[in-house]
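A look at the structure
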Amino acid sequence: MALADFQQLLMDMVSDQEANIKPDTRDRAIAGSLVRYGSDRPRVLTEDVVWTASGVFGPAPTNWDEHARLQVAEYPLGHKPAATIFADVYRTDDGWGLESLHALPAGAVVRVIYSALHVLNDQDDTIPLEHRLPVAQYAAYLLCQQLATRFSGERETAIGADVARTESRAKEYRSAYFAGTAQADPYSETG
C-alpha cells in the first residue's frame, strides 16, 4: 500500500471531519502511528557485514541510522545454537560502525540482527498486510484526539456533542489498533 492509499484510508475513517484536517496534520498522525507501531512491532532486519581489518572495529549494516537498535551480533556463523559476540554501535564523522569486545580477524563475517523504523512513503511500505488497517486506525485515533481537543472549548451544544462523539470514536480506533496488532490496550478501562 503506497502512502497515498494509506492517506486515503485514513481520511475515509474521519471523512466527516475532512474539512478540519489539513494534509500536514494528517501526515503527522500517520508518522505518529508509525512510531507507535514501530515500538510495538519493531521491524527486524538481518545483514551480514565483513570485518575489513583485524581488530575490534567493523562496519555497521548498510542502512543503519540513529533509530536502529542492535539486537544481536552473531560470530562465527553456522553454530547451533548461534554463537554471539558482545558488540555495540558507534558513530563517527564518517558514519556508523560496530565495535566488538574482542578482536576479530580480517574477513570475519558477522551477522547483525537489528530493529529499524517502519517505512511508509511513495516507494516503500514495510507494514505487514495484516497490520495496515490497525496502523491506519491508530492514526485515526490521533486525529480524533486532536479534533476533540481543538473543539473542546466550544460552548455550543451541537459542537459539544460532536466532541463527545469524536472522543468516543478515538477510543474505538485506539482499541481497534491494539486488538488488530494482538496487544492489550494499556488505556482500556477493562484491561
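So, a few notes on the structure that sits alongside this text. (Residues numbered from 1 in each chain as written. Predicted model: local features only at pLDDT ≥ 70, side-chain atom pairs only at ≥ 80, totals over all residues. Heavy atoms only, no water.)

**Structural notes on helix α1 (residues 3-13)**
Every buried residue belonging to α1 is among L3, F6, Q7, L10, M11 and M13, and all of these are buried. The buried side chains of α1 occupy one side of the element, clustering within an arc of 155 degrees when seen end-on. (Buried < 20%, exposed > 50% of the residue type's maximum accessible area, 1.4 Å probe, protein only. Helix = DSSP H or I, 4+ residues; strand = E, 2+ residues; numbered from the N terminus. Arc of directions from axis to C-beta.)

**Some details on the side chain of S33**
When you line up the elements, S33 lands in helix α2 (residues 23-40). Judged by relative accessible area, which is 0%, S33 ranks as buried. Once residues lying within four places of it in the same chain are set aside, the contact partners of S33 are V135, Y138, A139 and L142. (Contact = heavy atoms within 4.5 Å.)

**Things to note about the environment of Y37**
Inspection of the secondary structure assignment puts Y37 in helix α2. A relative accessible area of 1% places Y37 in the buried class. With 101 residues separating them in the primary sequence, Y37 and Y138 have C-alpha atoms 8.6 Å apart. Ignoring sequence-local partners within four residues, the contact set of Y37 consists of P42, H118, I127, P128, H131, V135, Y177 and T181.

**Topic: the nonpolar core**
The biggest cluster of nonpolar side chains holds 26 residues, and the ones touching the most others in it are F6, V14, I30, L120 and I127. The set of elements that each furnish at least two residues to this core consists of α1, α2, α3 (132-151) and α4 (157-180). The leading source of residues in this core is α3, at nine residues. Those residues in contact with I127, other than ones at most four positions away along the chain, are F6, L34, Y37, H118, L120, R132 and V135. Core analysis: the second largest hydrophobic core is formed by 15 residues, W51, W64, L104 and V112 among them. (Core = buried A, V, L, I, M, F, W, Y, C linked by side-chain atoms within 4.5 Å.)

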